[in-house]
Amino acid sequence: MENIFSDEYFMKKALQEAEMAFDKGEIPVGAIIVVENTVIARSHNLTELLRDVTAHAEMQAITAAANFLGGKYLIGCTLYVTIEPCQMCAGALYWSQISKIVYGASDDNRGFEKMGTQLHPRTTVVRGVLANEASELMKRFFAERRK
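Conventions used here
- Residues numbered from 1 in each chain as written.
- Predicted model: local features only at pLDDT ≥ 70, side-chain atom pairs only at ≥ 80, totals over all residues.
- Heavy atoms only, no water.
- UniProt positions renumbered as here; feature names shortened; annotations may be inferred.
- Pairing = 2+ DSSP bridges.
- Helix = DSSP H or I, 4+ residues; strand = E, 2+ residues; numbered from the N terminus.
- Axes fitted to C-alpha atoms, helices over the stretch in contact; angles between N-to-C directions.
- Contact = heavy atoms within 4.5 Å.
- Core = buried A, V, L, I, M, F, W, Y, C linked by side-chain atoms within 4.5 Å.
- Buried < 20%, exposed > 50% of the residue type's maximum accessible area, 1.4 Å probe, protein only.
- Right-handed = clockwise from strand over helix to strand, strands pointing away.

Going by an unreviewed UniProt entry, the chain carries the name tRNA-specific adenosine deaminase and comes from Flavobacterium psychrotolerans. What UniProt states about the chain under its Catalytic activity (unreviewed entry) heading is, verbatim, "adenosine(34) in tRNA + H2O + H(+) = inosine(34) in tRNA + NH4(+)". Taken from UniProt, the Sequence similarities (unreviewed entry) comment for the chain reads in full: "Belongs to the cytidine and deoxycytidylate deaminase family. ADAT2 subfamily."

Set out below in structure tokens:
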């Protein structure tokens, strides 16, 4: 029997969050955190609504997951995020000791890998899951902003 809880399954949920950000006029990045095939946190960018440059989807998800778990470490958890995290978010993910990060589209300008930001040594990274969908949503957002 096929496992329905694939990286694509959870990335689709992160893309739903990104669509919510898009609808609010926020840069369309969505994130969820999963432990044992259960979504424990979901979020999207809220930087405009909260007027807070740190209100990235990943930061919101880290806080929600830590609150859910009752502790600051996210060992055993997986973050699914539509766009490669920036160095700020990667730093927070480092300190959370999250076990796995799965992202969609790369951010060749501001992504943590381009910037050389390190993750926790035990964190694994999976790149490019539903990257086209994440990239297209971002392109559509900026195309509409330029009209």
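This is not the end of the story, as more comes after the structure.
This part covers the sheet that holds strand 4 (residues 100-105). What the 5 strands build is an open sheet, ordered 2-1-3-4-5; its pairing is mixed. Looking at which strands have only one partner, the edges of the open sheet turn out to be strand 2 (38-44) and strand 5 (124-126). Taken pair by pair, the neighbouring strands of this sheet meet at an average axis angle of 15°, ignoring direction. Here strand 1 (residues 30-35) runs beside strand 2; their pairing, made up of 6 bridges, is antiparallel. Bridging across to strand 2, Val 35 finds its partner in Thr 38. Sitting on the sheet, helix 1 (residues 7-23) is in contact with strand 1, strand 2, strand 3 (77-83), strand 4 and strand 5, with an inclination near 145° to strand 1. The strands that helix 3 (residues 57-69) touches are strand 1, strand 2 and strand 3; relative to strand 2, the one it contacts most, it runs at about 145°.

Now for the nonpolar core. Met 11, Ile 33, Leu 74, Cys 77, Leu 79, Tyr 80 and Ile 98 are the most contacted members of the largest nonpolar core, which has 35 residues in total. Those elements that provide at least two residues to this core are helix 1, strand 1, strand 2, helix 3, strand 3, helix 4 (87-96), strand 4 and helix 6 (131-145). In contact with Tyr 80, not counting residues within four places along its chain, are Asp 7, Phe 10, Met 11, Ala 14, Gly 30, Ala 31, Ile 32, Val 34 and Val 102.

Quick look at the UniProt feature "active site" (unreviewed entry) in the chain now. The positions that UniProt labels "active site" (unreviewed entry) are, in the present scheme, Glu 58. Following the sequence through the fold, Glu 58 ends up in helix 3. Those residues in contact with Glu 58 that lie beyond four places of it in its chain are Val 29, Ala 31, Leu 79, Val 81, Ile 83, Pro 85, Cys 86 and Cys 89.

With 7 of 7 residues buried, strand 3 is to be regarded as a mostly interior element. Of the pairings in the sheet, the one linking strand 1 to strand 3 comprises 5 bridges and is antiparallel in character. Pairing of Ile 32 across the sheet is with Tyr 80, part of strand 3. Pairing analysis gives 5 bridges linking strand 3 to strand 4, with the strands arranged parallel. Across the sheet, residue Val 81 finds its bridge partner in strand 4, namely Tyr 103. This β-α-β element, strand 3 to helix 4 to strand 4, shows right-handed connectivity.

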